[in-house]
Amino acid sequence: MIGPPTVWRGSTVKPSILPLLLTLALPLHAEEKVLNIYNWNEYVGKQALKDFEAETGIKVHYDIFDNVDMLESKVLTGRSGYDVIFPTIAMVGRFIPAKALQPIDPQRLGGFANLDPQVLGEMAAADPGNRYAVPYTWGTTGLAMNRQEVEKRIPDAPLDSLDLLFKPEYASRLKDCGIAIVDAPQEVISIALHYLGRPPYSQDSADLEAAGDLLAALKPNLRYIGFGTQTSDLANGNLCLALTFNGDASMARFQAEEAGKPYEIVYRIPREGTLMWVDTMAVPADAPHPEAARAFIEFMLRPESMAELSNGMFFANANQAATPLLDEAVSGDPNIYPPQEVRAKLFGEELIAPKLLRERTRLWARFRGM
């Protein structure tokens, strides 16, 4: 796929030096017509960026991060220079008490009424009243697989069950064709706990030990723990099973079909339930162009803007008014827009207290180091 044009902030041309008299005559509230975005690669529609620039005259500079730690570090350190960021719910929950975000008045944003109440509800624990972040996309973390390779090794494979990953009698038979899990410690640990029938954010040491044992049993059958590579590896036949994001799995399927590969990449939401993640749009407390930031967020609340993203990236969006504009292959896919009975089995992100976060981080470090 061809993503949106990326303009690196490091190559920005310096503003012209204006006469001092003209500078002093500018209104005090005037902003430079620039917007600095910090986001995942290709996570805003190409046409939406062009249309926003054309309509507003605001030049967009789009920087990319490839893991959430980069985003969190820049925002909490301060003076990042960014105007719009795309944090997860859990990050929003950590940013608010650190006073790292500006409040966004929902009543000022056209299109806010179109947002999915269930998604807004998932955000409420981290952002009471939805004052600091606007939901962007949402999805699940589940099982992506090369169906033919899995069924060749396990004819009766439970394709919609985490048993396929966590039971050694299954995973050991898939080891030769490749198993990977996403390098997202809090998500994977929560999924492991939920699979074991424990609270996904349990503070009980026995529960964490059980999750650690489950992951340790999986480790010998893994090819790698990584981020950003499962899509191409699935599409190219280098993996037969991955615990990953639904949009990445859909992209792998699309790439395999485009390349005429003789196998099908499928994605399944585990029948045991799994994590429902939500990515948001937010404005750092020290954003240099806050009015441009709000203009951009409002622009992305337009149904056309979000429909373009979902049609291209295969992620569900939180804007219900965009649904009629979606391709049937997207809106009709129950693994992108699951039915309510499936959504009822999903659990959301929650804030993790610092002590528990340290324990879970140590658990993940032991797992990775095995």
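Look up a bit, the structure's there.
Predicted model, so just to flag it, every value in this text is computed and none were measured.

What counts as what
Residues numbered from 1 in each chain as written. Predicted model: local features only at pLDDT ≥ 70, side-chain atom pairs only at ≥ 80, totals over all residues. Heavy atoms only, no water. Helix = DSSP H or I, 4+ residues; strand = E, 2+ residues; numbered from the N terminus. Buried < 20%, exposed > 50% of the residue type's maximum accessible area, 1.4 Å probe, protein only. Disulfide = S-S within 2.5 Å. Lys, Arg positive; Asp, Glu negative; His and termini not counted. Salt bridge = Lys/Arg side-chain N within 4 Å of Asp/Glu carboxyl O. Contact = heavy atoms within 4.5 Å. Axes fitted to C-alpha atoms, helices over the stretch in contact; angles between N-to-C directions. Parallel < 35°, antiparallel > 145°, perpendicular 65-115°, else oblique. Left-handed = near helix turned anticlockwise from the far one by under 90°. Nonpolar A, V, L, I, M, F, W, Y, C, P; charged D, E, K, R; others polar. Pairing = 2+ DSSP bridges. Phe/Tyr/Trp six-rings, centres within 6.5 Å; stacked < 30°, edge-to-face > 60°. Lys NZ or Arg CZ within 6 Å of the ring centre and 35° of its normal.

Student: Can you walk me through the environment of Pro-135 in this structure?
Tutor: Relative to the helices and strands, Pro-135 is located in strand S4 (residues 133–146). Take Pro-135: its relative accessible area is 3%, and that puts it in the buried class.

Student: Before we go on, may I ask you to explain the state of the cysteines in this structure?
Tutor: Two cysteines joined by a covalent bond between their sulfur atoms form a disulfide. For the structure on display, the rule yields one disulfide. The disulfide bridge from Cys-177 ends at Cys-240, spanning 1.9 Å between sulfur atoms. The sign of the S-S torsion, about 60°, decides the handedness of the disulfide formed by Cys-177 and Cys-240: right-handed. Residue Cys-177 is found in the loop between helix H8 (168–174) and strand S5 (179–182), and its partner Cys-240 is found in the loop between helix H11 (230–235) and strand S7 (241–245); the two are separated by 63 residues along the sequence. Classification of Cys-177 as buried rests on a relative accessible area of 9%.

Student: Sorry if this is basic, but what is going on with the side chain of Arg-294 here?
Tutor: Positionally, Arg-294 belongs in helix H13 (residues 290–300). Buried charge Arg-294 goes without a salt bridge, the closest partner of opposite sign being Glu-291 at 4.7 Å. Excluding its chain neighbours within four sequence positions, the residues that come into contact with Arg-294 are Gln-102, Pro-103, Arg-108 and Leu-109.

Student: Is there a simple way to explain the packing of helix H10 (residues 205–218) against helix H17 (residues 354–369) in this structure?
Tutor: Each pair of packed helices can be summarised by the angle the axes make with each other and by the distance between the axes. With their axes 10 Å apart at the nearest point, H10 and H17 run at an angle of 20° to one another. Judged on the interaxial angle alone, H17 and H10 are roughly parallel. Crossing handedness for the pair H10 and H17: right-handed. Residue-level inspection shows Leu-208, Gly-212, Leu-215 and Ala-216 of H10 in contact with H17, the latter providing Leu-356, Glu-359, Arg-360, Leu-363, Trp-364 and Phe-367. The residue inventory of the contact of H10 with H17, partitioned by class, reads seven nonpolar, one polar and two charged.

Student: Can you walk me through the pairing of S5 in this structure?
Tutor: For a regular strand, the rule is simple: side chains alternate between the two faces of the sheet. Of the two faces of S5, the one holding Ile-179 and Ile-181 and the one holding Ala-180 and Val-182 are both buried throughout. Alignment of S5 against S7, held across three bridges, turns out to be parallel. For Ala-180, the partnering residue across the bridge sits in S7 and is Ala-242. Inspection of the sheet shows S5 paired to strand S6 (residues 224–226) by three bridges, in the parallel sense. The partner of Val-182 across the bridge, within S6, is Gly-226.

Student: Where do I start with the packing of aromatic side chains in this structure?
Tutor: Overall, the coordinates contain 17 aromatic pairs when judged by the stated rule. An angle of 5° between the planes, with centres 4.4 Å apart, marks the rings of Tyr-38 and Tyr-82 as stacked. Pair noted here: Tyr-38 is in strand S1 (residues 34–39) and Tyr-82 is in the loop between helix H3 (68–77) and strand S3 (84–85), with a separation of 44 residues, a long-range link. This pair shows no difference in class: Tyr-38 is buried, exactly as Tyr-82 is. Centroid distance Phe-52 to Phe-296: 5.3 Å. Interplanar angle 90°. Geometry classified as edge-to-face. Within this pair, whereas Phe-52 is found in helix H2 (residues 46–56), its partner Phe-296 is found in helix H13, the two being separated by 244 residues in sequence. Comparing Phe-52 with Phe-296 shows no difference in burial state: the two are buried. One aromatic cluster in this structure is built from Tyr-38, Trp-40, Tyr-43, Phe-65, Tyr-82, Phe-86, Tyr-136, Phe-227, Phe-245, Trp-277 and Phe-315. Across the ring face of Phe-367, the terminal group of Lys-219 is positioned such that the distance to the ring centre comes to 5.5 Å. If you follow Arg-343 out to its NZ or CZ, it ends over the ring of Trp-138, 4.4 Å from the centre.

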